[in-house]
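# Topology and contacts: notes
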Amino acid sequence: MSWNTSDIPDQSGRIAVVTGANGGLGLETAEALAGAGAHVVMAARNQDKAAAAADTIRAAVPGASLEIVPLDLGSLESVRAAAEQIAAAHRSIDLLINNAGVMGIPERATADGFEMQFGTNHLGHFAFTALLLPSVLRADAPRVVTVTSTARHMGFPVKADNPHLHGSYGEWKAYGQSKLANYHFAIGLQQRFESADAGAASLTAHPGLSNTDLQTVSVEETGGGFSQKVFHSMAGLTGMTPAQGALPQLRAATDPGAKGGELYAPMWVTNGPPVRRPILRRIGMDSAIASLWKISEAETGVVLDVPAALAASRA
C-alpha cells in the first residue's frame with residue numbers, strides 16, 4: 001500500500017523545525033506537518049519567500065501554526081542566531097528536518113570561507129543540529145531527518161587535508177561529496193544516539209528526481225550549464241512533484257514504524273512511493289564517519305557531543 005500524507009499520525013502539540021521551508025520539498029514538508037497539527041518552525045534564508053510560503057500554507061491549512069526564523073546555512077553566525085532563537089522559544093523539539101540545500105553550482109565560498117555546497121548542505125546542518133540537540137533530546141521520542149540524494153553514490157568521503165576541494169573543484173564532485181556527508185552524518189548521529197541511550201532517532205531520506213526550484217536555481221547559477229539543464233529537463237518531464245518528492249522525508253519523520261538508522265526513498269530509486277531502502281555499508285564507512293565528525297567540529301568550531309547534549313537536556 002502506498003504511503004501518503006493521509007498516513008501521517010496526529011502531530012498536535014509537537015514542534016517541528018524544517019530548514020529550507022520557503023520552497024520546494026521544505027514547503028511541502030512544512031505544509032503536511034502543519035496539516036497534521038504540528039507547530040512548524042520554518043527556518044529559511046529568504047524571508048520574503050518564507051512569508052509567501054507561510055501564506056500558501058495558511059491558505060491550504062486554515063489555522064496552521066507557523067513560525068518563521070531567519071536561517072542562512074552558509075553563515076555560522078546566522079546558524080547560531082537561529083538556533084538560539086528557536087531554543088529560547090521552544091524547550092523541546094520533536095522533529096528536526098535538515099532539508100535545505102544547494103546543488104551543482106559554480107565554485108564559491110560561504111561567509112566562513114567553506115566551499116558552498118559542503119558548507120551549506122552539511123556543515124551548516126551539522127552545527128544547527130548540534131546547537132539544537134539539547135532541545136531535541138528533551139522531547140519524547142524525537143527524530144532528526146537529514147535529506148541526502150542518489151548523488152551520494154558519486155561522492156567521496158571528505159578528506160581532512162582538503163575538505164573544500166581547493167584546486168580540484170567540480171560542480172557535481174562537490175555536490176556528491178556534500179550529499180555523502182549528509183548520509184554519513186545521519187548514520188553517525190544514530191550511532192551516537194544508540195551509544196548514549198538517548199531515546200532519539202536519526203533517519204535519512206532522499207526525494208528521488210523531483211521537479212523543484214532546486215533544479216531551476218542550479219541552471220541559473222551556472223548560466224545554463226549543460227548537465228544542469230539536462231537534469232532540469234528530466235525533472236520537468238519525468239520527475240515527481242514537490243509534494244511527491246517530500247513523502248520520503250515525511251515518512252521518515254512521522255511513520256510510527258520507522259526506526260533510527262533507516263533510509264526512506266522512492267520505490268524505484270528516482271520515482272515512486274516512499275519505502276524503506278537498505279543502508280549500503282561501504283568498506284571504511286565507520287572510519288569515514290569518524291573523520292567527518294572531526295573535520296566538521298574543527299571547521300565549524302561546534303562540538304556535536306550526544307552525551308553532553310543529553311546532560312544539558314536534563315539540567
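Numbers given to residues run from 1 along each chain, matching the order in which its sequence is written. Totals for whole chains, interfaces and linings use all residues, but because this is a predicted model, local features are given only for residues with pLDDT of at least 70 and pairs of side-chain atoms are given and counted only at 80 or more. Note that water and hydrogens are dropped before the side-chain values are worked out from all heavy atoms of the structure.

### Remarks on the overall build of the chain
Applicable threshold: Under the DSSP-based scheme used, a helix requires at least four consecutive residues in state H or I and a strand at least two consecutive residues in state E, with every element numbered from the N terminus. Each radius of gyration is computed over the set of C-alpha atoms, and the globule rule expresses the reference value as 2.2 Å times the number of residues to the power 0.38. Throughout, exposure labels follow a simple rule: accessible area from a 1.4 Å probe, protein chains only, divided by the maximum for the residue type, with under 20% read as buried, over 50% as exposed, and the rest as partly exposed. Any two residues having at least one pair of non-hydrogen atoms within 4.5 Å are treated as being in contact. Calculation of accessible area relied on Shrake-Rupley with a 1.4 Å probe; when residues are assessed, cover is drawn exclusively from the protein chains displayed.
Of the regular secondary structure elements, the chain holds eleven helices and eight strands. Its C-alpha atoms give the chain a radius of gyration of 18 Å, near enough to 20 Å, the size a compact globule of 315 residues would have. For the chain, the C-alpha atoms occupy an extent of roughly 50 × 45 × 40 Å along the three principal directions. Of all 315 residues assigned to the chain, the portion counted as buried reaches 56%. The contacts of the chain with a sequence gap of at least 6 include a subset with a gap of at least 24, amounting to 76%. Just so you have it, the chain exposes about 12800 Å², and 53% of that area is on carbon and sulfur atoms.

### Considering the nonpolar core
Under the convention used in this document: Here, the term nonpolar core denotes a set of buried Ala, Val, Leu, Ile, Met, Phe, Trp, Tyr and Cys residues that are joined through side-chain atoms within 4.5 Å.
Core analysis: the largest hydrophobic core is formed by 48 residues, its most contacted members being Phe128, Leu137, Phe193, Leu304 and Val306. For this core, the secondary structure elements donating two or more residues are strand 1 (15-19), strand 2 (39-44), helix 3 (76-89), helix 4 (116-137), helix 5 (171-196), helix 10 (285-300) and helix 11 (306-313). Counting residues per element, this core draws most heavily on helix 4, which supplies ten residues. Excluding residues within four positions of it along the chain, Phe128 makes contact with Val17, Thr19, Leu71, Val79, Ala82, Ala83, Ile86, Leu96 and Asn98. The next biggest cluster of nonpolar side chains, apart from the first, holds 34 residues, and it includes Ala32, Leu95, Ala253 and Tyr264.

### A word on the pattern of salt bridges
Condition: For this document, the term salt bridge refers to a Lys or Arg side-chain nitrogen within 4 Å of an Asp or Glu carboxyl oxygen.
For the coordinates displayed, the defined rule picks out three salt bridges. In this structure, Arg14 engages Asp94 in a salt bridge whose closest nitrogen and oxygen atoms are separated by 3.8 Å. Taken together, the residues Arg14 in the segment before strand 1 and Asp94 in the loop between helix 3 and strand 4 (95-98) connect sequence positions 80 residues apart. On the basis of relative accessible area, Asp94 is assigned to the buried category, the value being 9%.

### With respect to the sheet that holds strand 4
What counts, and what does not: Any two strands are treated as partners once DSSP identifies two or more bridges connecting them. Axis definition: a line fitted to C-alpha atoms, limited for helices to the stretch in contact. Angles are taken between N-to-C directions and run from 0 to 180 degrees.
Pairing is mixed across the open sheet formed by eight strands, whose spatial order is 3-2-1-4-5-6-7-8. Either end of the sheet is taken by a strand with one partner, and the two such strands are strand 3 (65-70) and strand 8 (274-277). With strand direction ignored, the average angle separating the axes of adjacent strands in the sheet is 20°. Packed on one face of the sheet, helix 2 (residues 47-60) meets strand 2 and strand 3 and runs near 175° to strand 3. Of the strands in this sheet, strand 4, strand 5 (143-147) and strand 6 (201-205) are in contact with helix 5, which crosses strand 6 at around 160°.

### Some details on the side chain of Gln11
Assignment of secondary structure puts Gln11 in the segment before strand 1. Of the residues examined, Gln11 reaches a relative accessible area of 2% and is grouped as buried. With residues up to four places along the chain from it excluded, the contact list for Gln11 reads Leu33, Ala36, Gly37, Ala38, Leu95 and Thr254.

### Things to note about the packing of helix 1 (residues 24-35) against helix 2
Heads up, the rule is: Less than a right angle of anticlockwise turn of the near helix away from the far helix marks a crossing as left-handed, whereas a clockwise turn marks it as right-handed. Ten residue types, Ala, Val, Leu, Ile, Met, Phe, Trp, Tyr, Cys and Pro, are classed as nonpolar, four, Asp, Glu, Lys and Arg, as charged, and the remainder, Gly among them, as polar.
The N-to-C vectors of helix 1 and helix 2 enclose an angle of 40°; their axes lie 10 Å apart at closest approach. The way helix 1 lies across helix 2 gives a crossing that is right-handed. From helix 1, Leu27, Ala30, Glu31 and Ala34 reach across to helix 2, where they touch Ala53, Thr56, Ile57 and Ala60. Among the residues making up the contact of helix 1 with helix 2, the classes are represented as six nonpolar, one polar and one charged.

### Some points on the packing of helix 4 against helix 5
Put simply, the rule is: Throughout, the term roughly parallel applies to angles under 35 degrees, roughly antiparallel to angles over 145, roughly perpendicular to angles from 65 to 115, and oblique to all others.
At a minimum axis separation of 8 Å, helix 4 and helix 5 run at an interaxial angle of 20°. The angle between helix 4 and helix 5 places the two elements in the roughly parallel class. When the axes of helix 4 and helix 5 are compared, the crossing they make is right-handed. Contacts between helix 4 and helix 5 involve Gln117, Phe118, Asn121, His122, Phe126, Thr129, Leu133 and Leu137 from the former and Glu171, Ala174, Tyr175, Gln177, Ser178, Lys179, Ala181, Asn182, Phe185, Leu189 and Phe193 from the latter. Of the residues belonging to the contact of helix 4 with helix 5, the class tally is ten nonpolar, seven polar and two charged.

Geometric values such as these leave the question of function open.
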